[in-house]
Amino acid sequence: MAKSDSGAISVNHISKRFGEFPALKDISFDVPAGELFGLIGPDGAGKTTLFRILTSLLVADSGTAQVAGLDVVTGFKELRNKIGYMPGKFSLYQDLTMEENLQFFASIFNTTVEENYRLIQAIYCQIEPFKQRRAGKLSGGMKQKLALSCALIHKPVVLFLDEPTTGVDPVSRKEFWEMLRDLKREGITIVVSTPYMDEANLCDRIALIQHGEILSIETPAKIVEQFPKKLYQVESNDNFSLLGELRSNPNVESVYMFGEVLHVMFKGEDAPSPAFTEITPTIEDCFIKIASPPDPSHREGAQSEYKPTQKPLNQTFSRRDSGAVIEVHDLTKRFGNFTAVDHIRFSVAKGEIFGFLGANGAGKTTAMRMLCGLSKPTSGKGFVAGYDIAKQSEQVKRNIGYMSQKFSLYEDLKVWENMRLFAGIYGMPDKQILPKIEITLSELGLMAEKNTLVKALPLGWKQKLAFSIAIFHEPQIVFLDEPTGGVDPITRRQFWELIYEAASRDITVFVTTHYMDEAEYCNRVSIMVDGRIDALDTPKNLRQQFQAENMDEVFRKLARKATRT
C-alpha cells in the first residue's frame, strides 16, 4: 500500500466550547498516513465539531492540529486542496443533476471530472446511468455514492467522512465500506465517524468518543481484548421480565438487552448457573462498559431507574388473544407511472411490537404516511384503530401517536410546555393535561427538568421526552420512524425498555429502524422490497427460513433482490 507522510494527522490538546457547553475536552491523537481511522460515538459526542476543526471550518479554543503536514488554522487555504470532506448531510445541491454536482465540485478545485475519473470510477459507475437525475430525487444510497465521488474528485490525500452511513440501509452501508477499503488501497488517509458500533470492526484503529472526551483509542481487537470481566448471555421466553429480575439480583453487576438475548456481567467472575453462556464481547459491549455513568444523560437530581411492568411482553406474544388494530388489504400507492407501494397486505395486533423494515426506496415511508392518514392510497384498503385511512384520516390521526427520527420537539419551549402543546393538538381535555404531565415527568425521572428548555436537554432525554409525548394521549397505536438513529447503545436500550412498557399497556408499536439488532426486539418483522412485502414473520422464524445467523443477514439476502434505484 502506498503511503505518504503528507497524509498524516496530528491532534494536540484540542478543546472547544459553545457558550457554557464543552463540545471537546483536551482531545489528542495521531493518525498515520494511509490509515482508516474510526471515530465512534453517538450524536452529540463531539465528532462533527472535531471534523469541522480538522477541515479548517471551525477554530478550536485551544490546542493545535496538523493535517497533511499543514496547520489547520495558518495553512487552511492550502489544506483545503489536500482534503476531501463529506459532511453528514452530504452537501449536495438538490436542484442540480448528479452530473452537474460532480462537475461543480471539480470546478471548485480547478480540475475536471475526466482528469481524476479513475479514482471515482468504481463508485460513480454504479450510479452513472442516472446522471441526469436531480440530486434531490436520489435514494439515500445513491446520494451517498454521489457525495463520496464529489469529495474525491480533486484527488485528496486525506478524506474526512462524517457519519456517511447514517440513515441508509444495511446493504448500502456494507457497499460503502467496501468502497472505503478500495480507497485505502490507493493510499488515502481516511477518518470516518459513525454511531454504528458494528462498523468499528472495519477500521484499522478506532477512538471511542462520548461527551467530547476520548474514552479509548486502539485497534478493535485490542479494545475487545481489554474487556475487564467475563461476559455472559442468557435468554428466555420473556426476556423483558428476566431483565427486571436480573437487575434486582444483588450479584448482577450489569445486564442489558442485546438482540434476542440478554448480556450479563456478575460481581463475581463466574455465572451462578449453566443457563448463562460465556461469550466474546463486541465493540458495542465495550462501549457500554467504558461509557460511564450507566445512564449517559445522567444529571444530578435526575433518575432513570428501571421500573418493571406489571404485564410482561416478549417474543411469545400471542396474536390470538388480541384484535387487529391495523389491517391492510392490497394497499397501493402510485406516483404517475411509478408504483411506490404495491398491493401490500398485513395486520397488526393490539399490543404488538411490529417492525417495518426495508431498504432505502423500498416504500416504507410512503406506506407509513398512508397508515398515518397523511397520504391517500391509490387503491386497496387500510384500517387503523378501526378507521378507514382513505375516508377517515382525521379520526386516524387522533387515535395514533407519531415520533420521527428528529423527535419533532419545539426546542425553544420548556419540557412541560411541549407536553401541554402536543396534548392539546391530540385533543386531550384541559383538566387531564396538567395532572398527567406531573405523573409522566415523575415516571421519566425528568421532574427536575420540567422548566428546562428542550434545546438544553441531552439527546437521550429528548428521545425519551419525544416518545412520552407521542403516547401521552394513550393512543391505540404509536408509529416510530427510525427513533434511535444516532443515539448511543445505552440510550438505545433504555428507549426500547420504554417501548416494551408502552406495549405492556396494549399500545401497538409500529417501528422502522436501520439497526438490525433492534429487529430482534420486535414480535414480528416485515421486510419490504421494491414496494412489496417479501417477508413477514417472527425474527426467529425469519432466521430459520433464510438460514441466517441474524436479522442483518436476512435483510441483506432480501434487499439484494431489489431492482429499484
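Residues numbered from 1 in each chain as written. Predicted model: local features only at pLDDT ≥ 70, side-chain atom pairs only at ≥ 80, totals over all residues. Heavy atoms only, no water.

> Break down the pairing of strand β3 (residues 36-40) for me, with residues and values.
Within a regular strand, side chains alternate between the sheet's two faces. The buried fraction of β3 is high, at five of five residues. Across five bridges, the pairing between β3 and strand β8 (residues 189-194) is parallel. Directly across from I40, in β8, lies its bridge partner T194. Here four bridges tie β3 to strand β9 (residues 205-210), and the two strands are oriented parallel to one another. Within β9, the residue paired with I40 across the bridge is L208. (Buried < 20%, exposed > 50% of the residue type's maximum accessible area, 1.4 Å probe, protein only. Helix = DSSP H or I, 4+ residues; strand = E, 2+ residues; numbered from the N terminus. Pairing = 2+ DSSP bridges.)

> Residues and numbers for helix α1 (residues 47-54), please.
Extensive coverage of α1 is indicated by the burial of six of its eight residues. Of all the positions in α1, only K47, T49, L50, F51, I53 and L54 are classed as buried. In the stretch just after α1, S56 is the one whose phi turns positive, near 70°.

> Outline the domain arrangement of the protein, supporting the account with residue identities and numerical values.
Looking at the assigned domains, one finds that the protein contains domain 1 (9-223), domain 2 (228-280) and domain 3 (324-560). The C-alpha centroid of domain 3 is placed 29 Å from the C-alpha centroid of domain 2. Inspection of the region where domain 2 meets domain 3 yields two salt bridges. The salt bridge involving E497 is made with R247; its shortest N-O contact spans 2.8 Å. Counting the contacts that link domain 2 with domain 3 gives five residue pairs in polar contact (both at pLDDT 80 or more). Counting only elements with at least two residues in the side of domain 2 that touches domain 3, the list comes to α8 (239-247) and β12 (252-258). (Domains from an automatic or database assignment. Salt bridge = Lys/Arg side-chain N within 4 Å of Asp/Glu carboxyl O. Polar contact = N/O pair within 3.5 Å; in protein donor to acceptor, adjacent residues only side chain to side chain.)

> Report on unusual backbone geometry, specifying residues and quantitative values.
In this model, K155 sits at a positive phi of 60°, which is unusual for a non-glycine residue. Relative to the helices and strands, K155 resides in the loop between α5 (140-152) and β7 (158-162). The backbone of H211 sits at a positive phi, close to 55°, despite the residue not being glycine. Turning to its location among the elements, H211 is positioned in the loop between β9 and β10 (213-218). Take H211: its relative accessible area is 36%, and that puts it in the partly exposed class.

> Mind laying out the sheet that holds β12, listing which residues take part and the relevant values?
Here we have four strands laid out as an open sheet, ordered β12-β13-β11-β14, and antiparallel in their pairing. Where the open sheet ends on each side, the last strands, each with one partner, are β12 and β14 (277-279). Along the sheet, successive strands turn relative to each other by an average axial angle of 35°, direction set aside. By the bridge criterion, three bridges tie strand β11 (residues 231-234) to strand β13 (residues 261-266) in an arrangement that is antiparallel. Its bridge partner being in β13, Q233 is matched across the sheet by H263. The strands that helix α9 (residues 283-290) touches are β11, β12 and β13; relative to β12, the one it contacts most, it runs at about 135°. (Axes fitted to C-alpha atoms, helices over the stretch in contact; angles between N-to-C directions. Contact = heavy atoms within 4.5 Å.)

> Give a detailed account of the nonpolar core, specifying residues and quantitative values.
Judged by nonpolar contacts, the single largest core of 68 residues is most densely connected at L246, I353, F467, L480, W496 and I527. If sequence neighbours within four positions are ignored, F467 has contacts with M403, V478, L480, F495, L498, I499 and A502. The next biggest cluster of nonpolar side chains, apart from the first, holds 54 residues, and it includes M98, I123, A135 and L159. (Core = buried A, V, L, I, M, F, W, Y, C linked by side-chain atoms within 4.5 Å.)

> Go over the pattern of salt bridges, please, and point to the residues and values.
Counted under the stated rule, the structure contains 36 salt bridges. For E163, the salt bridge goes to K47, with nearest N and O atoms at 2.9 Å. On the criterion of sequence distance, the pair formed by E163 in the loop between β7 and α6 (170-185) and K47 in helix α1 is long-range, its members being 116 residues apart. Between K462 and E411 there is a salt bridge, with its nearest N and O atoms 3.3 Å apart. Of this pair, K462 sits in helix α14 (residues 459-470) while E411 sits in the loop between β20 (400-403) and α12 (415-425), and the two are 51 residues apart along the sequence. The structure contains a network of salt bridges with shared partners spanning E284, R492, R493, D517 and E518.

> Outline the state of the cysteines, listing residues and values.
Considering all chains together, one arrives at zero disulfides under this definition. We note that C203 lacks a disulfide partner, and the nearest cysteine sulfur, in C286, lies 14 Å from it. No disulfide involves C522; its sulfur sits 16 Å from that of C372, the nearest cysteine. The class for C522 is buried, based on a relative accessible area of 2%. (Disulfide = S-S within 2.5 Å.)

> Run through the sheet that holds strand β24 (residues 532-537), naming residues and quoting values.
On the basis of which strands lie adjacent, the open sheet formed by six strands has the order β20-β21-β22-β17-β23-β24 and mixed pairing. The two strands at the open ends of the sheet, each matched to only one other strand, are β20 and β24. Between one strand axis and the next, the sheet turns by 15° as a mean value, whatever way the strands run. As paired strands, strand β17 (residues 353-358) and strand β23 (residues 524-529) are joined by five bridges and run parallel to one another.

> Lay out the packing of aromatic side chains in plain terms, naming residues and giving numbers.
Counting across every chain of the model gives 19 aromatic pairs. Aromatic pair Y117 and Y124: ring centres 6.4 Å apart, planes at 90°, arrangement edge-to-face. Judged by relative accessible area, which is 21%, Y117 ranks as partly exposed. Measuring from ring centre to ring centre gives 5.1 Å for F479 and F510, while their planes differ by 55°; the resulting arrangement is tilted. Here F479, found in strand β21 (residues 477-481), pairs with F510, found in strand β22 (residues 508-512); they are 31 residues apart in sequence, far enough to count as distant. When its relative accessible area of 0% is taken as the criterion, F479 is described as buried. The structure contains a cluster of three or more aromatic residues connected by ring pairs, namely F346, F354, F356, F479 and F510. Above the ring of Y196, the side-chain terminus of R173 is found at 3.9 Å from the ring centroid. Taking the ring centre of Y515 as reference, the NZ or CZ of R492 above it sits at 3.9 Å. (Phe/Tyr/Trp six-rings, centres within 6.5 Å; stacked < 30°, edge-to-face > 60°. Lys NZ or Arg CZ within 6 Å of the ring centre and 35° of its normal.)

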